[in-house]
Amino acid sequence: MLFKEIYADLDQKINNGGYPPGSTLPNEAELQKKYDVSRTTIRKAVNKLVAENKVVRKKGSGLFVAPIISKQNILEMTGIIRPLYLESSDKIKFKDTYLRLVGSYYAAVFNVSSHELLYDISFTAEIKGEITCEHLLLLLDNFPGFDSNCLKVMSIIEAVNTGTQKPDDVYQDFQLIKATEEISKQFHIQEKDPVFKITNLFSTRQGKIVALEYRLQDAVKTRYSIDFS
Amino acid sequence: MEFKERTAAVQVQEYLEFLIHFKKVSELPSQREISEKLQVSRNAVKHALDRLKDEGQIQAKERTGIISNKKIDINMLGMDSMTTELKNKTVKIEHLATTIEKMPGRLKDFFNAPEGLAIKIARIRFVKDIPLTYEITYFNQTDFTRLANIDFTNKSLYEVLEKEYQIRPTYGRESIGCFLADEKISTLLQVKKGTPLYQVNSFNYQDDDFPIESTTQYLLGNKFKYHFNANNIYDYQED
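Bear in mind the structure is a predicted one, so any value in this text is a computation, not a measurement. (Residues numbered from 1 in each chain as written. Chains lettered and ligands numbered in written order. Predicted model: local features only at pLDDT ≥ 70, side-chain atom pairs only at ≥ 80, totals over all residues. Heavy atoms only, no water.)

Points about the sheet that holds strand S6 (residues 117-127) of chain A
Sheet architecture is open: 8 strands sit in the order S5(A)-S6(A)-S7(A)-S10(A)-S9(A)-S8(A)-S10(B)-S3(B), paired in mixed fashion. Edge positions in the sheet fall to strand S5 (92-101) of chain A together with strand S3 (72-75) of chain B, since each of these pairs with one other strand and no more. In this sheet, neighbouring strand axes are inclined to one another by 20° on average, regardless of whether the strands run parallel or antiparallel. (Pairing = 2+ DSSP bridges. Helix = DSSP H or I, 4+ residues; strand = E, 2+ residues; numbered from the N terminus. Axes fitted to C-alpha atoms, helices over the stretch in contact; angles between N-to-C directions.)

A word on the interface of chain B and chain A
If you look at the interface, chain B gives 48 residues, while chain A gives 59 residues. When chain B packs against chain A, the two sides together hide about 4800 Å² of surface, and 57% of this comes from carbon and sulfur. Inspection of the chain B/chain A interface yields 6 salt bridges. Across the contact surface, chain B and chain A share 22 residue pairs in polar contact (both at pLDDT 80 or more). (Contact = heavy atoms within 4.5 Å. Buried area = accessible area lost by both parts, 1.4 Å probe. Salt bridge = Lys/Arg side-chain N within 4 Å of Asp/Glu carboxyl O. Polar contact = N/O pair within 3.5 Å; in protein donor to acceptor, adjacent residues only side chain to side chain.)

Quick look at the packing of helix H2 (residues 31-38) of chain B against helix H3 (residues 42-54) of chain B
Residues and elements named next belong to chain B. Following both chains from N to C, one finds H2 and H3 inclined at 115°, their axes separated by 9 Å at the closest point. Read as a crossing pair, H2 and H3 show a hand that is right-handed. Contact residues: H2 offers Gln31, Arg32, Ile34 and Ser35, while H3 offers Arg42, Val45, Lys46 and Leu49. Broken down by class, the residue content of the contact of H2 with H3 amounts to 3 nonpolar, 2 polar and 3 charged. (Left-handed = near helix turned anticlockwise from the far one by under 90°. Nonpolar A, V, L, I, M, F, W, Y, C, P; charged D, E, K, R; others polar.)

Re the nonpolar core
The tendency in soluble globular proteins is for nonpolar side chains to be buried side by side. One finds Ile81, Phe174 and Phe196 of chain A together with Tyr134, Tyr198 and Tyr226 of chain B to be the most contacted residues of the largest nonpolar core, which totals 41 residues. In terms of nonpolar packing, the next biggest core, distinct from the first, is built from 28 residues, Ile74, Ile92 and Ile157 of chain A together with Ile233 of chain B among them. (Core = buried A, V, L, I, M, F, W, Y, C linked by side-chain atoms within 4.5 Å. Buried < 20%, exposed > 50% of the residue type's maximum accessible area, 1.4 Å probe, protein only.)

A few points about the domain arrangement of chain A
All names here are of chain A. Domain parsing of chain A yields domain 1 (3-65) and domain 2 (71-225). Between the C-alpha centres of domain 1 and domain 2 there is a distance of 29 Å. Taken residue by residue, the interface counts 8 residues in domain 1 and 10 residues in domain 2. Taken over both partners, the interface formed by domain 1 and domain 2 buries close to 560 Å², and the fraction arising from carbon and sulfur atoms is 62%. The largest per-residue losses of area from domain 1 upon contact with domain 2 belong to Gly22, Lys58 and Phe64, which jointly make up 60% of the total buried on that side. At the boundary of domain 1 with domain 2, the tally comes to 0 salt bridges. Across the domain 1-domain 2 interface, the total number found is 1 residue pair in polar contact (both at pLDDT 80 or more). Mapped by element, the contributors of at least two residues to the side of domain 1 that touches domain 2 are strand S2 (55-58) and strand S3 (62-65). Per-class residue counts for the side of domain 1 that touches domain 2 are 4 nonpolar, 3 polar and 1 charged. (Domains from an automatic or database assignment.)

Printed below as a string of structure tokens:
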């Protein structure tokens, strides 16, 4: 098999959704086995996909289908508050990912039964040396089979759009709070130092909340901007 | 993904958030009541309360126990002025001073005025006699000369602007950061030096890209929160 054929096969699977945006691709060794060709041939095919921005190669984590929403897209969204520096998910470290009961509070937030299940995903993202703490809650019902690894290459705003019900709107709550002990360690600051907490509630046009994101950043080091009319 | 029970502290925190945000309880149950109700240790309750305190969701009140902390919620979208935002509160505005100064370097581009003068208006806003915000607004002196002579005590800047010049900002840009109160601002807002404040810089225009004013606001960090509402977020695509 020629590298061009392998390239075309992978490209087609990416285009027709066989490998959706943000999903993990088999690594080069696995691809080599699958197509029964040399490593060089595989590398050439993958390199071409990477060069065309269709595949992302992440050091230490493997190959991913490139996300659709770029940093530039996020910057062009009006009415959304975002940090002044571009958002990119460099160096993701997962703290905790598990399924849990919704419980009384999130039952009220999501307007579902407290016995349903939620993905509870916490991770830190390092952007230009600055740490952001992320905490994402997704209803299992809306994101069956959610693979948290997609967050290694995908922005949260795109990840929350991969469920069965798609959000249209976001309600953002923005507050200055004090660092708890755990947070102060993450940011290498003192306990009680100021931290910005953004709560993003993603909802469908009908007002059904499908995802909730908490984002924490060191307040003294982060500025945000917003355009509005 | 594996199933896991929430930690006891997380359970307590979410239970209290439910009481605060959905049951609108202003006085929370005691630590003992909470630990008995949820069958968790007093330590877990303490941990959750500390966290909610750090987040400014609750505050301890002498003798009466723990109460929820109601922050003033400001909608950042739309061109409503601060006066409109606080409409349900008894607000007093103290006009500290109006001065005419050389255009500050950082505003030369915004006002398109490399040379020239700026009118600088400094005000403090009080709610129930507590100073909550300190605001400094700049205008280009050549465009709004008459504003220099106006007493803004208890007056909305935008209302005056509309009356005097039949003009109102229609769009803008804001940037928000955190500023630790310095000597001057801590005195004005009657807080300790180093208190975290929101620092909001806004740049406001009229339709035809005409720059009207730029304001720097300092707001007490633990008294305010902001919210934004964006619709059709995925419709950003290429115009």
